[in-house]
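What follows is the residue order along each chain.
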Amino acid sequence: GFDLSREMLAVARANLEKAGVAHAQVRHGDIFSVPIENASVDFVCLHQVLHFLTEPAAAVREAARLLKPGGRLLISDFAPHELEFLRDEHAHRRLGFSDEEVAGWLQASGLDLVATETLTPQSREPQKLTVKIWMCAASQSVRKLKTRASAA
């Protein structure tokens, strides 16, 4: 895993150790410029991070760049909501994402939407959020990836 926050990396490392997971690691890195070669990974997970970003579509493009043909991207984030206090109290820049918005990012990144799941809170408390999961796949055929220079 990659994160710019050293504090979150420390939490992640502690959680990995507590769970006895020895075959995973977390590193300091930028979600918009992951230091991994094009088309070199089987699976990318963007878990509860897009709502913090100014340009979540750019993070999806970067994740797509990393995927091998047939690779999978799992996005987990909030469905649209109106809890404005999350902007001030927790630095949320976006108040969730619609299926249409995510589908547009996927299409622009050359990914196919495979499945979606909606996780609705069991209680009806007003500050509980619905979580959406989007499973996406890179094409099975080799695709030409845009470099930063050609994309500009």
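Remember, predicted model here, so these are calculated numbers, not experimental data.

Section: the pattern of salt bridges
- Counting across every chain of the model gives 5 salt bridges.
- Of the charged contacts in the structure, one is a salt bridge between aspartate 42 and lysine 68, with a shortest N-O distance of 3.5 Å. Pair noted here: aspartate 42 is in strand S3 (residues 41–47) and lysine 68 is in strand S4 (residues 67–78), with a separation of 26 residues, a long-range link.
- As a salt-bridge pair, arginine 94 and glutamate 101 come within 2.3 Å of each other at their nearest N and O atoms.

Here's the deal with helix H4 (residues 99–108)
- Among the residues of H4, those classed as buried are Val102, Trp105 and Leu106. Down the axis, H4 shows its buried residues gathered within 100° of arc, on one side only. Opposite the buried face of H4, at more than 90 degrees from it, the exposed residues are Glu100, Gln107 and Ala108.

A word on the packing of aromatic side chains
- Taken as a whole and assessed by the stated rule, the structure comprises 1 aromatic pair.
- Aromatic pair phenylalanine 97 and tryptophan 105: ring centres 5.2 Å apart, planes at 70°, arrangement edge-to-face.
- The class of phenylalanine 97 is buried, set by a relative accessible area of 1%.

Considering the sheet that holds S4
- Read across the sheet, 4 strands follow the order S3-S4-S6-S5 without closing on themselves; strand pairing throughout is mixed. Where the open sheet ends on each side, the last strands, each with one partner, are S3 and strand S5 (111–119). The sheet shows a mean angle of 15° between the axes of neighbouring strands, direction not considered.
- Taken strand by strand, helix H2 (residues 56–66) contacts S3, S4 and S5, and its axis lies near 150° from that of S4.
- Along the sheet, H4 contacts S4, S5 and strand S6 (131–138); its crossing angle with S6, the most-contacted strand, is approximately 20°.

As for the state of the cysteines
- All told, the structure shown has 0 disulfides when counted by the stated rule.
- As a non-bridged cysteine, cysteine 45 has cysteine 136 as the owner of its nearest cysteine sulfur, 11 Å distant.
- Under the relative-accessibility criterion, cysteine 45 is labelled partly exposed at 39%.

Here's the deal with the layout of surface pockets
- Here the largest pocket is characterised by a volume of approximately 1,200 Å³.
- Around the largest pocket, the lining comprises 33 residues; the ones closest to its centre are Gly1, Phe2, Asp3, Ile31 and Cys45.
- Contributing elements (two or more residues each) for the lining of the largest pocket: strand S1 (2–3), helix H1 (6–19), S3 and H2.
- Here the lining of the largest pocket is composed, by residue class, of 23 nonpolar, 6 polar and 4 charged.

Rules used in this analysis
Residues numbered from 1 in each chain as written. Predicted model: local features only at pLDDT ≥ 70, side-chain atom pairs only at ≥ 80, totals over all residues. Heavy atoms only, no water. Salt bridge = Lys/Arg side-chain N within 4 Å of Asp/Glu carboxyl O. Helix = DSSP H or I, 4+ residues; strand = E, 2+ residues; numbered from the N terminus. Buried < 20%, exposed > 50% of the residue type's maximum accessible area, 1.4 Å probe, protein only. Arc of directions from axis to C-beta. Phe/Tyr/Trp six-rings, centres within 6.5 Å; stacked < 30°, edge-to-face > 60°. Pairing = 2+ DSSP bridges. Axes fitted to C-alpha atoms, helices over the stretch in contact; angles between N-to-C directions. Contact = heavy atoms within 4.5 Å. Disulfide = S-S within 2.5 Å. 1 Å grid on protein atoms, 1.4 Å probe; cavity = no way out; pocket = protein on both sides within 12 Å on 5 of 7 lines; lining within 4 Å. Points joined across faces, edges and corners; volume = space filled by probe spheres on them. Nonpolar A, V, L, I, M, F, W, Y, C, P; charged D, E, K, R; others polar.

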